[in-house]
Amino acid sequence: MWDHIWINGQFATMNPAIETPYGALENGAIAVKDGKIAWIGSMDDLAGDPAKLAAKVSDLAGAWVTPGLVDCHTHLVYGGNRADEFEKRLNGVSYEEIARAGGGIRASVTATRAASEDELVAKAQKRLNNLLREGVTTLEIKSGYGLRTEDEAKMLRAARRLGRENDLDVVTTFLGAHALPPEYADDADGYIELVCSEMLPAIAAEGLADAVDAFCENIAFNTEQTRRVFEAARKLNLPVKLHAEQLSDQKGSILAADYHALSTDHLEYLEEDGVAAMAKAGVTAVLLPGAFYCLRETKLPPLDLLRQHGVNIAIATDSNPGTSPALSLLLMANMACTLFRMTPEESLAGITRNGARALGRGDTHGTLETGKVADFVVWGIDSPAELSYAIGGNPCQTVIYKGIERTPG
């Protein structure tokens, strides 16, 4: 007996092996056993009466179902906010000018260091609730606003708690190489040494990080400093990813490809040599339209080149206090279409299948296939394109997390 079967549904499986738009399976059913998908297929192919095949039967009445949504790049845990910088940018001050004047990431560092773990969890929970209501079942959370061992660990512990206290898979990423803390204002090499020799080993020893990230940019760390972080991560058997080519082309994506990174993210200034390197190494491109929008950028990421080279493209909120205070993954899907000219099918793949790939979870999450984790969402829509079409709406009806129904609050 299966634990539960949902019948009479329309399934956007996002399985590329199904050669229909969205991997669509019409008039289908999906069965779950022990938190995994035990069977998915046409109602006509069911081997008997559903009531005799599963302990519980639910009728979807023609509703559309997608994989659980994956937000593969967030900075959801932090103290304070930076609404004042939003106002400054609207009055003509650039992001780079704000950062060099001690604002930006450093402002969040001050507030995050002052907050307790409980305070960080409570504030992040309020932000997280918005994503949960939209059908997010897998979420990445980075550190990077502590910039010293105890505070980076505090952020990652808070992130782990959010996963335990919600029906949610939280993937944690250590981003110690995010910016220079005030203690190392003029010593980037010294700070990177601290990251590699003290911070990262301590984080790994406590099992707080699933991956390691860095910010390779002209206002952050150069490629050689980033390489040192990647080498330290490799010694600890931790996969890497990279903030790259957001404000300039530092060739960070080529470096990330050398280390077979899970993803490189932002990528507005990415050139074809970087795209080719990513394609060869199987690195996922994570595009972040929220930051592009909030910073009023004009240089688009090279979508056509990414397509031509067959690079998988994910979409994420980049939810953070300064450059993308976004709390809607569906809105990011819309922005990916309107700003970056992606198709609705590409954007849905970006927040399901390719989002999972960007987290190293492609074998278990992101598509509706037998054997994968039973995370999926029931939507009140007439077609999957509506998920990136409506602005400000939320058609999520029911979320199934590891086979158990979670009704949005």
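Above this text you will find the structure in question.
Only a predicted model underlies this, so the values are computations on that prediction, with no experimental measurement involved. (Residues numbered from 1 in each chain as written. Predicted model: local features only at pLDDT ≥ 70, side-chain atom pairs only at ≥ 80, totals over all residues. Heavy atoms only, no water.)

### Let's talk about the packing of aromatic side chains
Two aromatic rings are characterised by how far apart their centres lie and by the angle between their planes.
Next, step 1: One pass over the full model with this rule turns up 7 aromatic pairs.
Next, step 2: Here the aromatic rings of Tyr191 and Phe221 are separated by 6.3 Å at their centres, their planes lie at 25°, and the arrangement is stacked. Of the two residues, Tyr191 sits in helix H7 (residues 188-205) while Phe221 sits in the loop between strand E9 (211-216) and helix H8 (223-235), which places them 30 residues apart along the sequence.
Next, step 3: A relative accessible area of 1% places Phe221 in the buried class.
Next, step 4: Members of the aromatic cluster, each reached through a chain of ring pairs, are Tyr184, Tyr191 and Phe221.
Next, step 5: Of note, Arg127 hangs over the ring of Tyr78, and the distance from its end group to the ring centre comes to 3.7 Å. (Phe/Tyr/Trp six-rings, centres within 6.5 Å; stacked < 30°, edge-to-face > 60°. Helix = DSSP H or I, 4+ residues; strand = E, 2+ residues; numbered from the N terminus. Buried < 20%, exposed > 50% of the residue type's maximum accessible area, 1.4 Å probe, protein only. Lys NZ or Arg CZ within 6 Å of the ring centre and 35° of its normal.)

### Remarks on the pairing of strand E11 (residues 263-266)
Next, step 1: Two strands pair when backbone bridges link them, and strand E10 (residues 242-244) and E11 are joined in this way by 3 bridges, in the parallel orientation. In the strand pairing of E11, Leu242 is matched with Thr264.
Next, step 2: Each parallel crossover has a hand, and for E10 linked through helix H9 (residues 252-258) to E11 it is right-handed.
Next, step 3: In the sheet, E11 pairs with strand E12 (residues 284-287) via 3 bridges, with the strands oriented parallel. Considered in E12, the bridge of Asp265 is made with Val286. (Pairing = 2+ DSSP bridges. Right-handed = clockwise from strand over helix to strand, strands pointing away.)

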